[in-house]
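Now for the letters of each chain:
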Amino acid sequence: MELTGTILRGRAFEPVEGRVVVDDEGRIEAVEETAVDSSDIILPAFVNAHTHIGDSIAKEAGRGLSLEELVAPPDGLKHRLLRDASQAELVEAMGTSLRFMHESGTAACLDFREGDVEGVRALKEAADGTDVDALAFARGSVEAMEEGDGFGASGANDDDFEYERRATREAGKPFGIHAGEVDETDIDPALDLEPDFLVHMVHPEPDHLDRVAESEVPIVVCPRSNLVTDAGLPPVEDLHERTTVALGTDNVMLNSPSMFREMEFLAKFSDLSAPDVLRAATANGAEIADLEYGLIEPGRKARLTVLDGETPNLEGARDPVRAVVRRAGVDDVREVVTAG
Ligand SMILES: [Zn+2]
């Protein structure tokens, strides 16, 4: 298979006119510079590094409620709605969100999955027959972690996760945990667990930033979610200077799981460059989950998003990387390649 257009090549997303050659196994064989007719823009498909797609059953519910009233276990609105939903309703709603994620250029999501073993199974069932790798970071028992792809802890103030942390390490799977969303009190205990990644980090203090720099623990930021729940906004420049920053859309209840929207928001409230934002939306999440895509370079799996560069929205844009990050949307997607 061959794709032609302006290719955002390698880690720098250097725009190159030419063709991407994909072999029969679905791996990128070559990126060739040559004059082509196509005005398409070819970028790596997105890795949404933090979602809760179970709350696809609760889109736009809970107007006026606080973060705690909305999502805190066990009695937040979201958890009551999850308990009331049948397994079939849950699977169908999650499948719908996964289809939208695919259509909007996303190859994978790192999902913090409620509902223990059953919840992990529901996600896998929903993902079956879609083109999204839905990775289940299970919450609840060690059995759920073993059934899924890792452990996703709610936060170090909720519980002592030593046992789950150890079991996840022994299983050779990644352990992620929310930290610093509401305030700073759960950051040190979360770091003490030596997690594979942290989620949010809206409220780090200088000594937390030192610990982040020292451990280089990757951080997934979800700025639109933080805005909508009044948590504040994460100091993304400070985090980016110290470690790998990836991007996630968090609760489907609160935000559409569109990486285009998340990238635009991050790019416009922060001083991160367009390539830094695009890396947070692709390669950095792939690295956290050990996925073999996320960049366009030989040897990587071909998970690619192809945009039509001549839509009324994108026509005439002078910088393809800035156009992808700050302007593009689902309507500009021509094709999402999931060969690899
Ligand atoms: Zn979360």
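Above this text is the structure in question.
A brief report on the enclosed structure follows. Counting restarts for each chain: residues are numbered from 1 in the order of the written sequence. Restriction of local features to residues with pLDDT of at least 70 applies here, the model being predicted, together with a cutoff of 80 or more for giving and counting side-chain atom pairs; totals for whole chains, interfaces and linings are based on all residues. No hydrogens and no water enter the side-chain calculation; it runs on all heavy atoms of the structure.

Attention now moves to the nonpolar core. Grouping buried Ala, Val, Leu, Ile, Met, Phe, Trp, Tyr and Cys residues that are joined through side-chain atoms within 4.5 Å yields what is termed a nonpolar core. A 1.4 Å probe rolled over the protein chains alone gives each residue an accessible area, and that area as a share of the maximum for its type sets the label: buried under 20%, exposed over 50%, partly exposed in between. Among the nonpolar cores identified, the biggest contains 52 residues, and Ile-177, Leu-198, Met-263, Leu-278 and Leu-307 are the most heavily contacted of them. Each of two domains, domain 1 (2–45 + 293–338) and domain 2 (46–288), supplies a minimum of three residues to this core. When residues no more than four places from it in sequence are discounted, the contact partners of Ile-177 are Phe-112, Ala-153, Gly-155, Ala-156, Phe-161, Ala-190, Leu-193, Pro-195, Phe-197, Leu-198 and Val-199. One finds Leu-82, Val-91, Val-132 and Ala-138 within the second-largest nonpolar core, a separate group that totals 20 residues. An automatic or database domain assignment is the source of the domain bounds shown. Contacts are residue-level and defined by heavy atoms, with any inter-residue pair within 4.5 Å sufficient.

Each salt bridge in this description consists of a side-chain nitrogen of Lys or Arg and a carboxyl oxygen of Asp or Glu lying within 4 Å of one another. Following the criterion strictly, the structure yields 26 salt bridges and no others. Across the pair Arg-113 and Glu-114 runs a salt bridge, and its minimum N-O distance is 3.6 Å. Here Asp-196 and Arg-165 are joined by a salt bridge, their closest N and O atoms 3.3 Å apart. Here the residue Asp-196 occupies a position in the loop between helix 7 (187–192) and strand 10 (197–200), and Arg-165 occupies one in helix 6 (residues 162–170), the gap between them amounting to 31 residues. The structure contains a network of salt bridges with shared partners spanning Asp-55, Lys-78, Asp-111, Arg-113 and Glu-114. Numbering goes from the N terminus for both helices and strands, where a helix is a DSSP run of H or I of at least four residues and a strand is a run of E of at least two.

Strand residues, when the strand is regular, have side chains that alternate between the two faces of the sheet. As paired strands, strand 1 (residues 2–9) and strand 2 (residues 14–22) are joined by eight bridges and run antiparallel to one another. By the bridge assignment, Thr-4 is partnered in strand 2 with Arg-19. Hairpin geometry of strand 1 and strand 2 is characterised by an intervening segment of four residues between the two adjacent antiparallel strands and by a positive phi of about 65° at Gly-10. Strands pair, by our definition, only if DSSP identifies at least two bridges between them.

What follows deals with helix 4 (residues 116–127). To estimate the expected span of a helix, count its residues, drop one, and scale the result by 1.5 Å. Taking 1.5 Å as the rise per residue, helix 4 with 12 residues should run 16 Å; its terminal C-alpha atoms sit 17 Å apart, in good agreement. Of all the positions in helix 4, only Val-117, Gly-119, Val-120, Ala-122, Leu-123, Ala-126 and Ala-127 are classed as buried. Among the residues trailing helix 4, Gly-129 stands out with phi positive, at a value near 85°.

Before going further, it helps to examine the environment of Ile-57. Inspection of the secondary structure assignment puts Ile-57 in the loop between strand 5 (46–52) and helix 1 (67–71). For Ile-57, a relative accessible area of 27% puts it in the partly exposed group. Linking Ile-57 and Ala-93, residues 36 residues apart in sequence, is a C-alpha distance of 5.8 Å.

It is worth spelling out the sheet that holds strand 5 at this point. Pairing within the open sheet is parallel, and its nine strands lie in the order 12-11-10-9-8-7-6-5-13. Where the open sheet ends on each side, the last strands, each with one partner, are strand 12 (245–247) and strand 13 (250–251). Sheet topology places strand 8 (residues 150–153) next to strand 9 (residues 175–179); three bridges connect them, and they run parallel. Looking at the pairing, Gly-152 lines up with Gly-176 of strand 9. Every axis in this analysis is a line fitted to C-alpha atoms, fitted for helices over the stretch in contact. Angles between the N-to-C directions lie between 0 and 180 degrees. The strands touched by helix 12 (residues 274–281) within the sheet are strand 5 and strand 12, with strand 12 carrying the most contacts at an inclination of about 70°.

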